[in-house]
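Tertiary structure, described
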Amino acid sequence: MEGHKLTVRAVERALDILLAFSEAKELSLTEIAKRVSLNKSTVHRLLNTLEEKGFVMRDSVTEKYRLGYSVWELAGNLTLPHDPAVLFLPEMERLRDLLDETVSLYVRDGKHRVRVQAVESQQTIRRVAPIGVRLPLSVGASSKVLVAYADPETRAEILADPDWPPQVDKHAYVRQLEAIRARGYATSVEEREAGTAAVAARSSADRRLAAALSVSGPASRLTLEKMQEIAPHVIEAAKRMGRLVP
């Protein structure tokens, strides 16, 4: 049993190391150890194994690590029924061309939302949206859409999360969820990142494919008035996406 526990712990630690790269393309040994709360000697041993298997690679000049080709090989075989990253891409590009702002698609994964697809604006100043990034459900237009349209049990579980940030007023948040369900879209201005704003709508009513369609950009362009103006376009695009789900 003790050997089994040690093996499981090693696997968990290795996975934590890989997940550390969800927020950074390159990390040093020290940075990784800090992010996963382990000593450097333990992290170094795990990195050596991950490197041998091709899941990370080390730059011989900077000595920093990045994800290896084995990750991409696995991702190439990732298939989901009616994969939204592929299914909704043409509609997302159409919306981007219409509004000339960055369009993203998010799905909920536990206590986070994950950006599974994005098409960026062609404007010089634009919202850069890396695919695969994990973000909290407590802030952001897409987060509020995903929580607003979740089933009551899931919504209650999310709101009862002990890691809920204390600076986010739950009562105000719940009132926002009610308003979102009434009007069909959510907005956010500098909730998660300074200088950015977003408007989002539910892209499918099918619980098998609960996703949020978001248009984001600089807050100087996406004012509340502007987001109210373009919201019908976002809602309509989201509805068309919903009709694509068999």
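The residue numbering used here restarts from 1 in each chain and proceeds along that chain's sequence as written. Per-residue local features are limited, in this predicted model, to residues with pLDDT of at least 70; the limit for side-chain atom pairs, both in listing and counting, is 80 or more; totals at the level of whole chains, interfaces and linings are taken over all residues. The side-chain values count all of the structure's non-hydrogen atoms but skip hydrogen atoms and water molecules.

1. Observations regarding the overall build of the protein chain
The secondary structure listing takes helices from DSSP runs of H or I that are at least 4 residues long and strands from runs of E that are at least 2 residues long, numbered from the N terminus. The helix and strand inventory of the protein chain stands at ten helices and eight strands. Oriented by its inertia axes, the alpha-carbon framework of the protein chain measures out at about 55 × 40 × 40 Å. Expressed as a percentage of the 246 residues in the protein chain, the buried residues total 42%. Pairs at least 24 residues apart make up 56% of the contacts formed inside the protein chain by residues separated by at least 6 positions. A total of about 14,000 Å² of accessible surface is found on the protein chain, and carbon and sulfur atoms cover 53% of it. In summary, the charge assignment counts Lys and Arg as positive and Asp and Glu as negative, without counting His or the chain termini. Every charge is mapped onto a representative atom, which is NZ of Lys, CZ of Arg, CG of Asp or CD of Glu. Here the protein chain carries 36 positive and 33 negative side-chain charges, and the mean point of each set is 2 Å from the other. Burial classes follow relative accessibility: with a 1.4 Å probe on protein chains only, a residue under 20% of its type's maximum area counts as buried, one over 50% as exposed, and anything between as partly exposed. The criterion used for residue contact is that any of the two residues' heavy atoms lie within 4.5 Å. The accessible surface values rely on the Shrake-Rupley method and a 1.4 Å probe; as for residues, cover is taken only from the protein chains in view.

2. Thoughts on helix α2 (residues 29–36)
Turn by turn, an α-helix covers 3.6 residues, leaving residues three or four places apart pointing in a common direction. Turning to α2, its buried residues are Ile32, Ala33 and Val36. On an axial view of α2, the arc spanned by its buried residues comes to 100°, and they lie on one face. Once α2 finishes, serine 37 follows within two positions and takes phi at roughly 60°, a positive value. Think of the arc as the fan of directions from the helix axis to the C-beta atoms.

3. Concerning the nonpolar core
Buried residues of nine kinds, namely Ala, Val, Leu, Ile, Met, Phe, Trp, Tyr and Cys, make up a nonpolar core once their side-chain atoms join them within 4.5 Å. Counting residues in hydrophobic clusters, the biggest one holds 26 residues, and the most contacted among them are Met92, Leu95, Val103, Val199, Leu213, Val215 and Val234. Here this core gets eight residues from one element, more than from any other, and that element is helix α10 (residues 224–244). When near neighbours in sequence (up to four residues on either side) are disregarded, valine 215 contacts Leu95, Leu99, Glu101, Thr102, Val103, Ala197, Ala198, Val199, Leu222, Ile230 and Val234. Residues Leu135, Ala141, Ile158 and Tyr173 belong to the second largest nonpolar core, which totals 21 residues.

4. Structural notes on helix α3 (residues 40–52)
An ideal rise of 1.5 Å per residue puts 18 Å on 13 residues; α3 measures up with 18 Å between its terminal C-alpha atoms. Three or more residues of α3 are buried, namely Thr42, Val43, Leu46, Leu47 and Leu50. Down the axis of α3, the smallest arc covering the buried residues is 130°, so these residues share one side. Projecting away from the buried face of α3 at angles above 90 degrees are the exposed residues Arg45 and Glu52. Directly beyond the C-terminal end of α3, a positive phi value near 85° is found at glycine 54. Here the expected span of a helix is defined as 1.5 Å times the quantity of residues minus one.

5. Describing the sheet that holds strand β4 (residues 112–119)
Spatial strand order, β5-β4-β3-β8-β7-β6: six strands in an open sheet with antiparallel pairing. The open sheet has two edge strands, β5 (134–136) and β6 (186–189), and neither has a second partner. Averaged over all pairs of adjacent strands, the angle between strand axes in this sheet comes to 30°, irrespective of strand direction. When DSSP locates at least two bridges between a pair of strands, those strands are taken to pair. Throughout, an axis means a line fitted to C-alpha atoms (over the contacting stretch in the case of helices), and angles, computed between N-to-C directions, take values from 0 to 180 degrees.

6. A short note on the pattern of salt bridges
The term salt bridge refers to a side-chain nitrogen of Lys or Arg lying within 4 Å of a carboxyl oxygen of Asp or Glu. Inspection of the entire model under this criterion finds 13 salt bridges. Linking arginine 192 and glutamate 193 is a salt bridge whose minimum nitrogen-to-oxygen distance equals 3.2 Å. The exposure class of arginine 192 is partly exposed, given its relative accessible area of 37%. Among the ionic pairs, arginine 240 bridges to glutamate 236, the shortest N-O distance being 3.8 Å. Of the two residues, arginine 240 and glutamate 236 are both situated in helix α10; the distance of four residues between them amounts to about one turn of the helix. Residue class for glutamate 236 comes out partly exposed when judged on its relative accessible area of 33%. Through salt bridges with shared partners, a single ionic network connects Glu91, Glu236, Arg240 and Arg243.

7. Remarks on the pairing of strand β3 (residues 102–109)
For β3, a buried count of six out of eight residues is recorded, marking the element as mostly surrounded by other parts of the structure. With six bridges joining them, β3 and strand β8 (residues 211–218) adopt antiparallel strand pairing. Paired with valine 103 across the two strands is valine 215, which belongs to β8. Bridge count for β3 against β4 is seven bridges, and the pairing is antiparallel. Within β4, the position partnered with valine 107 by the bridge is valine 114.

8. Things to note about the packing of helix α7 (residues 141–148) against helix α9 (residues 170–183)
Where α7 meets α9, the axes come as close as 9 Å, and the angle between the chain directions of the two elements is 80°. Between α7 and α9, the interaxial angle falls into the category roughly perpendicular. On α9, the residues touching Ser143, Lys144, Val145, Val147 and Ala148 of α7 are Tyr173, Gln176, Leu177, Ile180 and Arg181. Looking at the contact of α7 with α9 residue by residue, the classes come out as six nonpolar, two polar and two charged. These descriptions rest on fixed angle ranges, namely under 35 degrees for roughly parallel, over 145 for roughly antiparallel, 65 to 115 for roughly perpendicular, and the rest for oblique. As a working rule, the residues Ala, Val, Leu, Ile, Met, Phe, Trp, Tyr, Cys and Pro are called nonpolar, Asp, Glu, Lys and Arg charged, and the rest polar, with Gly in that last group.

9. Here's the deal with the pairing of β4
The buried fraction of β4 amounts to six of the eight residues, a majority that puts the element mostly inside the structure. The turn linking β3 back onto β4 is made up of two residues, and glycine 110 within it adopts a positive phi angle of 65°.

10. Digging into unusual backbone geometry
Its identity as a non-glycine residue notwithstanding, serine 37 has a phi of 60°, on the positive side. Assignment of secondary structure puts serine 37 in the loop between α2 and α3.

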